[in-house]
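Descriptive structure summary
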Amino acid sequence: MPSHWRSLWRPAALGLISSCAAAATTPAINPTGVWKVASYTATDPKSGATTQPFGPDPQGLAIYTAKGHMSVLVASRHRVSATASGDRRNEERAQLLDSMYAYAGTYTVNGATVTIHIESAWQPSWVGTDRTRTLKMDQHSLTVTTAPMVSPVDGRTYVSVTSFSRIE
């Protein structure tokens, strides 16, 4: 190889090797554990308006096992059992469904992205689908962010962010 090519090739090769080494050493996030809901928000990507659909203090858990199973339930803390009869009972039950989300299945992680392979869900149309989320995690907290998605409750598009605190 001519010496002038060697002087061009060496820095380029070292840069490529460094980039590949950095990519190879970036570990995938490992959400394994039991996580208690800390907050849940929905942000309109067009207006930037953020709401707390389940109030300021939602409840629930996310569980991710080491063998790749997961389950999550997030709900308003102020849900009230349906007590009425007839049409009013149906309205109360609809409000109960609209004040929560829940799904379970298996998961795979690729870097900071988790894909949930949904096996059961509060929305039947989600069963058999994959849902991708972005994870941010430190030792004591996990934040799960959706891409813009249409809400099954009101049909609007939101980016949902659920934050959890580790309990196990």
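Cut-offs applied
Residues numbered from 1 in each chain as written. Predicted model: local features only at pLDDT ≥ 70, side-chain atom pairs only at ≥ 80, totals over all residues. Heavy atoms only, no water. Helix = DSSP H or I, 4+ residues; strand = E, 2+ residues; numbered from the N terminus. Buried < 20%, exposed > 50% of the residue type's maximum accessible area, 1.4 Å probe, protein only. Lys, Arg positive; Asp, Glu negative; His and termini not counted. Salt bridge = Lys/Arg side-chain N within 4 Å of Asp/Glu carboxyl O. Contact = heavy atoms within 4.5 Å.

**Topic: the side chain of glutamate 92**
Topologically, glutamate 92 is positioned in helix α2 (residues 86–98). Nearest to the buried, unbridged glutamate 92 among oppositely charged side chains is arginine 88, at 4.1 Å. Setting aside residues no more than four positions away along its own chain, glutamate 92 makes contact with Ser81, Ala82, Thr83 and Ala84.

**Thoughts on the environment of tryptophan 126**
Note on placement: tryptophan 126 falls in the loop between β6 (113–121) and β7 (130–137). Relative accessible area serves as the criterion here: at 6%, tryptophan 126 is assigned to the buried category. Remark: the alpha-carbon pair of tryptophan 126 and tyrosine 103, spanning 23 residues in sequence, is separated by 8.4 Å. In this view, tryptophan 126 contacts Tyr103, Ile118, Ala121, Arg131, Arg133 and Met149; residues no more than four positions away in its chain are not counted.

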